[in-house]
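Residue-level structure breakdown
Residue strings, one per chain:
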Amino acid sequence: MIDTAQKAPDFAAARRHMLESQLRTSGVNDRYVLDRMAAVAREDFVPENARASAYVDRTIALGAGAFLAPPLAHGQILTQARPSADERALLVGPATGYLAALLRPLVADLREATPDAVLAGDIDGTFDLVIIDGALEEIPAQLRATLEPEGRLVTGVVRNGVTRLEIGRRSGDAVSLISLNETQLPRLAAFDKPQSWTF
């Protein structure tokens, strides 16, 4: 008789494969990044019907317009953010829980906020490190205001239809960004540029 029961996914093996085949081969080699991504069960942050593909190098729809970025995108974010144990950090994006779980032990204090909360000015205080779990078209004034002087921002940025990971620091009222590499971070529509009309 043939056993037609599906074999349960080996998530531990999938996590190891993610580290070796997706992260390391793409230059994500910092020990703190690999340790955190080895420790956090990505499958616990996706819908039941997506658990088997939790470690595939693609974006996963979570429902209600939210998406979980691919593992490599989160590995690159953590690498560029270089979080410190004495820093206050703000994580902005959909409430997936995954990037927060990766980041929380690496900083002194982690706050989470939706893009709508940032735009409404509902964020108390300023932060040494602000991470956007997604991509934006422009940096609104309300987002810049969450950064400490010289505070760091790590985000995806959509320019001419291409999404790249960028990092910058606040200087006065401005944030100067350096473009790093293409990334698959999902676009956050709340941070789109306002439509302009020409006649």
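Residues numbered from 1 in each chain as written. Predicted model: local features only at pLDDT ≥ 70, side-chain atom pairs only at ≥ 80, totals over all residues. Heavy atoms only, no water.

The name that an unreviewed UniProt entry assigns to the chain is Protein-L-isoaspartate O-methyltransferase, with the source organism given as Alteriqipengyuania lutimaris. Listed in UniProt under the heading Sequence similarities (unreviewed entry), the comment for the chain reads: "Belongs to the methyltransferase superfamily. L-isoaspartyl/D-aspartyl protein methyltransferase family." (UniProt positions renumbered as here; feature names shortened; annotations may be inferred.)

1. Focus: the overall build of the chain
Tallying secondary structure elements over the chain gives six helices and eight strands in all. Ordered by position in the sequence, the α and β elements of the chain form the string α-α-β-β-α-β-α-β-α-β-α-β-β-β. For the chain, the C-alpha radius of gyration of 18 Å lies close to 16 Å, the compact-globule estimate for 199 residues. Here the chain holds 199 residues, and 46% of them are scored as buried. Across the chain, contacts joining residues at least 24 apart in sequence account for 49% of those joining residues at least 6 apart. When the accessible surface of the chain is summed, it comes to about 10,400 Å², and 49% of that surface belongs to carbon and sulfur atoms. (Helix = DSSP H or I, 4+ residues; strand = E, 2+ residues; numbered from the N terminus. Rg over C-alpha atoms; globule rule 2.2 N^0.38 Å. Buried < 20%, exposed > 50% of the residue type's maximum accessible area, 1.4 Å probe, protein only. Contact = heavy atoms within 4.5 Å. Areas by Shrake-Rupley, 256 points an atom, 1.4 Å probe, with all protein chains shown as cover.)

2. Quick look at the sheet that holds strand β7 (residues 162-171)
Adjacent strands of a sheet form backbone hydrogen bonds with each other and so pair up, either parallel or antiparallel. Strand order in the open sheet formed by six strands is β4-β3-β5-β6-β7-β8, with mixed pairing between adjacent strands. Each having just a single partner strand, β4 (109-113) and β8 (174-182) make up the two edges of the open sheet. With strand direction ignored, the average angle separating the axes of adjacent strands in the sheet is 20°. Across the sheet, helix α3 (residues 71-81) lies against β5 (127-136), β6 (147-159), β7 and β8, angled at about 155° from β5, the strand it touches most. (Pairing = 2+ DSSP bridges. Axes fitted to C-alpha atoms, helices over the stretch in contact; angles between N-to-C directions.)

3. A short note on the packing of aromatic side chains
Both the distance between ring centres and the angle between the ring planes are used here to describe each pair of aromatic rings. Taken as a whole and judged by the stated rule, the model has one aromatic pair. Ring centres of F45 and Y98 lie 5.7 Å apart, and the angle between their planes is 65°; this geometry places the pair in the edge-to-face category. Separated by 53 residues along the polypeptide, F45 in the loop between α2 (31-39) and β1 (60-63) and Y98 in helix α4 (residues 98-103) bring together distant segments of the chain. Positioned above the aromatic ring of Y98, the side-chain terminus of R42 is 5.3 Å from the ring centre. (Phe/Tyr/Trp six-rings, centres within 6.5 Å; stacked < 30°, edge-to-face > 60°. Lys NZ or Arg CZ within 6 Å of the ring centre and 35° of its normal.)

4. Observations concerning the side chain of R170
Relative to the elements of secondary structure, R170 occurs in strand β7. A residue is classified by how much of its surface remains accessible, and R170, at 16% relative accessible area, is buried. Engagement of the side chain of R170 in a polar contact is seen with the backbone oxygen of L147, the distance being 2.7 Å. With residues near it in sequence (within four places) discarded, R170 still touches R144, A145, L147, E148, P149, E150, G151 and V175. (Polar contact = N/O pair within 3.5 Å; in protein donor to acceptor, adjacent residues only side chain to side chain.)

5. So, the pairing of β6
Looking at chain direction, β5 and β6 are connected through six bridges and run parallel. Counted as the bridge partner of F127 is L147 from β6. Here β6 folds back onto β7, and the loop between the two strands holds two residues, one of which, N160, carries a positive phi near 55°.

6. A look at α2
Taken as a whole, α2 has its buried residues at V33, L34, R36 and M37. Looking straight down α2, one finds that the buried residues subtend no more than 165° of arc, so they occupy a single side. Tucked inside the fold, the buried residues of α2 contact α1 (11-23), α3 and α4. (Arc of directions from axis to C-beta.)

7. As for the packing of α1 against α2
Packing of α1 against α2 brings their axes to within 9 Å, and their N-to-C directions diverge by 145°. Our pair here, α1 against α2, has a crossing hand that is right-handed. Facing R15, M18, L19 and L23 of α1, the residues of α2 in contact are L34, M37 and A38. Looking at the contact of α1 with α2 residue by residue, the class counts come to six nonpolar, no polar and one charged. (Left-handed = near helix turned anticlockwise from the far one by under 90°. Nonpolar A, V, L, I, M, F, W, Y, C, P; charged D, E, K, R; others polar.)

8. Looking at α1
Along its length, α1 shows its largest kink, about 25°, at H17. When we look at burial in α1, the residues that qualify are F11, R15, M18, L19, Q22 and L23. The secondary structure elements touched by the buried residues of α1 are α2 and α3. (Bend = angle between axes of the 7 residues up to and from the residue.)

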